[in-house]
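Remarks on the overall topology
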Amino acid sequence: MDVSVTLWVLTILGLAALIAVDFFIGRKPHDVSIKEAGIWTVVWIALAGLFGLGLLLFSGGQPAGEFFAGFITEKSLSVDNLFVFVLIMAKFAVPSQYQQRVLLVGVLIALVLRAVFIAAGAAILASFSWVFYLFGAFLIWTAWKLIQEARTDEEDEEFEESKLLKAVERKFGVADRYHGTKLWIQQNGKRVMTPMLVVMLAIGTTDVLFALDSIPAIFGLTQDPYIVFTANAFALMGLRQLYFLIGGLLKKLVHLSYGLSIILGFIGVKLVLHALHESGIHVPEISIPVSLGVICAVLIVTTITSLRASGKQAAAEAAQARSEGAPKDSIDV
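Residues numbered from 1 in each chain as written. Predicted model: local features only at pLDDT ≥ 70, side-chain atom pairs only at ≥ 80, totals over all residues. Heavy atoms only, no water.

A closer look at empty space enclosed by the protein
Rule in force here: Using only the protein atoms, space was sampled on a 1 Å grid; points where a 1.4 Å probe fits but cannot get out form cavities, open sets with protein on both sides within 12 Å along at least five of seven lines form pockets, and lining residues are those with an atom within 4 Å of a point. Grid points are joined across faces, edges and corners, and a volume is the space filled by probe spheres set on the points. Helix and strand definitions follow DSSP, with helices as H or I runs of at least four residues and strands as E runs of at least two, each counted in order from the N terminus. Residues are grouped as follows: Ala, Val, Leu, Ile, Met, Phe, Trp, Tyr, Cys and Pro are nonpolar; Asp, Glu, Lys and Arg are charged; every other residue, Gly included, is polar.
In this structure the tally under the stated criterion is 1 cavity of 30 Å³ or more. Together, 11 residues line the largest cavity, and Glu 36, Trp 40, Gln 100, Arg 240 and Gln 241 are the ones closest to its centre. Listed by contribution, the elements that provide at least two residues to the lining of the largest cavity are helix H1 (5-25), helix H2 (34-59) and helix H9 (239-246). Of the residues contributing to the lining of the largest cavity, the split by class is 5 nonpolar, 3 polar and 3 charged.

With respect to a nonpolar patch on the surface
Stated precisely, the cut-off is as follows: Any residue with relative accessible area above 30% and no salt bridge may belong to a patch, with like charges joined within 9 Å and the nonpolar Val, Leu, Ile, Met, Phe, Trp and Tyr side chains within 5 Å. Here the Shrake-Rupley method, with its probe set to 1.4 Å, supplies the accessible areas, and only the displayed protein chains count as covering residues. The term salt bridge refers to a pairing of a side-chain nitrogen on Lys or Arg with a carboxyl oxygen on Asp or Glu at a separation within 4 Å.
Taken together, the side chains of Ile 124, Phe 128, Trp 130, Tyr 133 and Leu 134 define a hydrophobic patch exposed on the protein surface, amounting to about 490 Å² of accessible area. Looking at the element boundaries, Leu 134 is found in helix H5 (residues 131-152).

Quick look at the pairing of strand S1 (residues 184-187)
For a regular strand, the rule is simple: side chains alternate between the two faces of the sheet. Test applied: A pair of strands is treated as paired once DSSP finds two or more bridges between them.
Bridging between S1 and strand S2 (residues 190-193) involves 4 bridges; their strand directions are antiparallel. When the sheet's bridge partners are listed, Trp 184 is paired in S2 with Met 193. Linking S1 to S2, which pair antiparallel, is a turn of 2 residues; within it Asn 188 sits at a positive phi near 55°.

Some remarks on the side chain of Thr 222
How we decide: Burial classification: accessible surface area is computed with a 1.4 Å probe over protein chains only, and a residue below 20% of its type maximum counts as buried, one above 50% as exposed, and the rest as partly exposed. Here a polar contact is recorded for every N or O atom pair within 3.5 Å, except that within protein the pair must consist of a potential hydrogen donor and a potential acceptor, and residues adjacent in sequence are included only if both atoms are side-chain atoms. It only takes one pair of heavy atoms within 4.5 Å for two residues to be counted as in contact.
Summarising the element assignment, Thr 222 is placed in the loop between helix H7 (195-219) and helix H8 (225-237). By relative accessible area, which is 2% here, Thr 222 ends up buried. Looking at Thr 222, its side chain comes within polar contact range of the main-chain nitrogen of Asp 224, at 3.1 Å. The contact partners of Thr 222, leaving out residues within four places of it in the chain, are Glu 66, Ile 227 and Val 228.

See below:
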């Protein structure tokens, strides 16, 4: 897909305008209701859909299919980010009315960092086609690691700050409490960061770890930097509303890691096949419609099985609680 500099500029300006509108509407700190989160989630998904339809009309089915496959993949992988965001919010005891501001700025930091990753990845792939082998192998290894972690049934209950974040805190100092939405304050004659800025940096920089698998994954679906960037942008910008909408449902997605591992493994195989094809070896390549179908099917099945498993577990726990309460009731009588 041939993208002019003008189109790049217009796209970035359009995204910036949408972000500005989002920021203006939510500029006043408040608790985000399910209704508000639901409306904005639908808005961002609808905007992504309209963008994909625009690609279909002006550039054809191939770019549009790549965008939708990339967007759905990035959206599903970003849900995994929400688990960590919940831990970060708990770690820094972020007041509920400030959480939307924290997420907005944190996601913007993540988007900028991902843009750097995308530019670097595109440049590397354009110069060295053998990198597809590395990306494919890395995704397959990541898929296996996800399965191993899911089978251990171990959950991290506390977020651990990175060494970089700790170094920043030591250098600039951190206030002992939140001061509204302020990022810097004067304390004992010294300018120090507030916990608000620290948690924003934590969310933005933590997303870099997730980009290590999500960026190779989308490059396995398309090598067009424009589509890679826009798919990431639309997936990330709706993440804040998704946090408030499905925050309570995250624990019910018990099979999410298995679903994501299948998707990453599938894209990893697709990358290896593409690399072999580029090397002159005649192997079948996986088309975008097939990729889109597999990704959607895996997500649907994963969601259904997760909700069924969670429902059975809740019913079993309720039955156990009733059985444990029976002897006590008889003794009281």
